[in-house]
Amino acid sequence: MELQINGQAVQADVDAGMPLLWVLRDVLNMTGTKFGCGVAACGACTVRVDGQAVRSCVVPVSAVQGKRIQTIEALGTPEKPHALQLAWIAEQVPQCGYCQSGMLMAAAALLEKTPRPTDADIDAAMTNICRCGTYQRVRLAIKRVVGTTRKTKA
C-alpha cells in the first residue's frame, strides 16, 4: 500500500484494516504519534489527513490511501520550529508531554481552517485529553500564534 506521509510516498506492506496509528508507529517507526486510549477519545494519536485532525487509532490505513497524511515529525524541525511549537514553549504548555503531539496536530488543523479562532472555536476543536490539565495554556499558546493574547517571557 502506498501512503503519502509528510510529503513523501511511503510503501507499507500491511493489512488494509490496520489502524493508521500502528502503521505509523510499528511499521514505519514514526513514534511521535502516541497511543493513548485506542477508542478515539483522548486524541494522543491525532494526525492530519488532508488538513483535518484525525484520531489515527481508529482509522484503517485503507481509508487514508491517496490522502495527504501529516504527523508531528513534519510540523517543524529543531532548526525551524512551527509557530505553534514556539508558542507551546513560551506558554509552558507541556507538563508530562505525552499528549502534546496530538494537541499540536489538532491546533495546526484548527489554525489552517480558522486562522483567528475565538475561545469557542478553540474549545470546539481542542477535544484532546490532557491529564496534566494544561487546557488554559493551550488556549494561550494558540492565541499567541494568532497575536490575540499577551506575550509572556519564555
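Every chain's residues receive numbers from 1 upward, in the order its sequence appears when written. Where local features are concerned, this predicted model is filtered to residues with pLDDT of at least 70; where side-chain atom pairs are given and counted, the filter is 80 or more; whole-chain, interface and lining totals use all residues. Only hydrogens and water are set aside; all other atoms, that is, all heavy atoms of the structure, feed into the side-chain values.

**Q** Give a detailed account of helix α5 (residues 135–146), specifying residues and quantitative values.
**A** Secondary structure follows DSSP: runs of H or I at least 4 residues long count as helices, runs of E at least 2 residues long count as strands, and numbering of each begins at the N terminus. The span one expects for a helix is its residue count, reduced by one, times 1.5 Å. Compared with the 16 Å implied by 1.5 Å per residue over 12 residues, the 17 Å span of α5 between its first and last C-alpha is a close match. For α5, the complete set of buried residues consists of V138, R139, A141, I142, K143, R144 and V146. The inward-facing, buried residues of α5 contact α2 (83–90), α3 (100–113) and α4 (119–125). Among the residues trailing α5, G147 stands out with phi positive, at a value near 75°. Burial classes follow relative accessibility: with a 1.4 Å probe on protein chains only, a residue under 20% of its type's maximum area counts as buried, one over 50% as exposed, and anything between as partly exposed. Working rule for contacts: check all heavy atoms of both residues, and any pair within 4.5 Å makes them a contact.

**Q** Any chance you could break down helix α1 (residues 20–27) for me, citing the residues and the numbers?
**A** A turn of α-helix holds 3.6 residues, and therefore any two residues three or four places apart point the same way. Buried within α1 we find L20, L21, V23 and L24. One or two residues past the end of α1 sits N29, with phi positive at roughly 60°.

**Q** Quick one: what's the story with the sheet that holds strand β1 (residues 2–5), residue by residue and with numbers?
**A** The pairing criterion is simple: DSSP has to find at least two bridges between the two strands. One open sheet accounts for five strands, arranged β2-β1-β5-β3-β4; its pairing is mixed. With one partner strand each, in any of the chains shown, β2 (8–11) and β4 (52–55) form the two edges of the open sheet. Between one strand and the next, the sheet's axes are offset by a mean angle of 40°, whatever the strand orientation. Pairing analysis gives four bridges linking strand β3 (residues 46–49) to β4, with the strands arranged antiparallel. Across the sheet, the residue bridging to T46 is R55, located in β4. For helices, the fitted line uses only the C-alpha atoms of the stretch in contact; every axis is such a line through C-alpha atoms, and the angle between N-to-C directions lies from 0 to 180 degrees. The strands touched by α3 are β3, β4 and β5 (68–70); relative to β3, the strand with the most contacts, the crossing angle is about 35°.

**Q** Residue-level account of the packing of α2 against α3, with values.
**A** For the pair α2 and α3, the least separation of the axes is 10 Å and the interaxial angle reads 125°. Classified by the angle their axes make, α2 and α3 are oblique. Along this stretch, α2 crosses α3, giving a crossing that reads as right-handed. In contact with L84, Q85 and W88 of α2, α3 contributes Q100, M103, L104, A107, A108 and L111. Throughout, the ten residues Ala, Val, Leu, Ile, Met, Phe, Trp, Tyr, Cys and Pro are labelled nonpolar, Asp, Glu, Lys and Arg are labelled charged, and all others, Gly among them, are labelled polar. Residue composition of the contact of α2 with α3, by class: seven nonpolar, two polar and no charged. When describing relative orientation, an angle under 35 degrees is termed roughly parallel and one over 145 degrees roughly antiparallel, while 65 to 115 degrees is termed roughly perpendicular and anything else oblique. For a crossing to be left-handed, the near helix must be turned anticlockwise from the far one by less than a right angle; the clockwise case is right-handed.

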